[in-house]
Amino acid sequence: MSATTELPVIGTPMYLVLGEHVNFRSRLESIDTETFTVAAPLETTGHTAITSGHELDVFWAPPRTRIVLPCKLIAISGEAPYRWTLAPTQAPRQSNRREFVRGGGGAAVRLATGKRDIDGALLDISEGGLRCWIDEPARLSPGDQLTAMVVLGEYGEVELTGTVLTVRDAPHGDPGQHIVLTFDTQESMAKMIRLYVRSWEINERRLANNPDA
């Protein structure tokens, strides 16, 4: 690893940018001399478009900034635990762009498909997309348009209309499906989501520093 590439500590949440407004939450698993590994995003398992040689940005979110690291995907593990091996292609940089940090989870979600409503639970959300779990499989496909209503705790309910990015079976033998929805948001709604995610991050750090709390 280049001396100019200073990665965070093992276990730090990291975000893999796979397209405009699309990133997936991961975490740093290990650091080697020239490469590092991250947990493979569940949403990309079996995703044929993601192969070795793919270039992407990785970012992590220390307080009050974003650190972006351009990388190349070197290898994808073929068995559990699924991991991606990445090699930096440039030095990391601070960014003022609003890379979409994902967080939160557990909130109630209602998906309105135009034919019926589907109740689910939020897994994570950003101002560019959300991932949720529904307990019974639904006839949803990538490209479908739908509306999601999500209650963001003290910040109120948001209604988000977007496009289904992925639909996959829930992992680990759990019932139901995981749905990823991408969307564009007005600034007022984006601010509400950012406040919700920031509050969640602060609580997560508090729990990490005080595990018995």
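The following paragraphs examine the structure supplied in this document. Given the structure is predicted, the values throughout are model-derived calculations rather than measurements. (Residues numbered from 1 in each chain as written. Predicted model: local features only at pLDDT ≥ 70, side-chain atom pairs only at ≥ 80, totals over all residues. Heavy atoms only, no water.)

### Some points on the overall build of the chain
For step 1, the next point in the chain: Looking only at helices and strands, one finds one helix and 13 strands in the chain.
For step 2, the next point in the chain: Its helices and strands in sequence order give the chain the pattern β-β-β-β-β-β-β-β-β-β-β-β-β-α, from N to C terminus.
For step 3, the next point in the chain: For the chain, with 213 residues in total, the buried portion stands at 43%.
For step 4, the next point in the chain: Sequence-distant contacts, at least 24 apart, represent 52% of the contacts inside the chain between residues at least 6 apart. (Helix = DSSP H or I, 4+ residues; strand = E, 2+ residues; numbered from the N terminus. Buried < 20%, exposed > 50% of the residue type's maximum accessible area, 1.4 Å probe, protein only. Contact = heavy atoms within 4.5 Å.)

### Some thoughts on the packing of aromatic side chains
For step 1, the next point in the chain: Under the definition given, this model contains one aromatic pair.
For step 2, the next point in the chain: Pairing Y15 with F59 gives two aromatic rings, centres 5.0 Å apart and planes at 20 degrees, and the pair type is stacked. One end of the pair, Y15, is in strand β1 (residues 13-19); the other, F59, is in strand β4 (residues 55-60), with 44 residues separating them in the sequence. Per residue, the accessibility class of Y15 equals that of F59, and both read buried. (Phe/Tyr/Trp six-rings, centres within 6.5 Å; stacked < 30°, edge-to-face > 60°.)

### Details of the side chain of S126
For step 1, the next point in the chain: Tracing the backbone through its elements, the reader meets S126 in strand β9 (residues 117-126).
For step 2, the next point in the chain: Only 3.0 Å separates the side chain of S126 from the backbone nitrogen of G128, close enough to count as a polar contact. (Polar contact = N/O pair within 3.5 Å; in protein donor to acceptor, adjacent residues only side chain to side chain.)

### Re the pattern of salt bridges
For step 1, the next point in the chain: This model, assessed by the stated rule, comprises seven salt bridges.
For step 2, the next point in the chain: A salt bridge links E29 to R83, with the nearest nitrogen and oxygen atoms 3.4 Å apart. One end of the pair, E29, is in strand β2 (residues 22-31); the other, R83, is in strand β6 (residues 83-88), and 54 residues separate them in sequence.
For step 3, the next point in the chain: Judged by its relative accessible area of 17%, E29 is buried.
For step 4, the next point in the chain: The residue R131 makes a salt bridge to D124 at a minimum N-O spacing of 2.9 Å. In this structure, R131 and D124 share a single accessibility class: buried.
For step 5, the next point in the chain: Taken together, the shared-partner salt bridges connect R27, E29 and R83 into one network. (Salt bridge = Lys/Arg side-chain N within 4 Å of Asp/Glu carboxyl O.)

### Comments concerning the sheet that holds strand β10 (residues 129-134)
Hydrogen bonding along the main chain pairs the strands of a sheet, whether they run parallel or antiparallel.
For step 1, the next point in the chain: Around the barrel, which closes on itself, the six strands sit in the order β8-β9-β10-β13-β12-β11 with antiparallel pairing between neighbours. Direction aside, neighbouring strands of the sheet carry axes that sit 45 degrees apart on average.
For step 2, the next point in the chain: Relative to strand β13 (residues 177-182), β10 runs antiparallel, the two being bridged by six bridges. By the bridge assignment, W133 is partnered in β13 with H178. (Pairing = 2+ DSSP bridges. Axes fitted to C-alpha atoms, helices over the stretch in contact; angles between N-to-C directions.)

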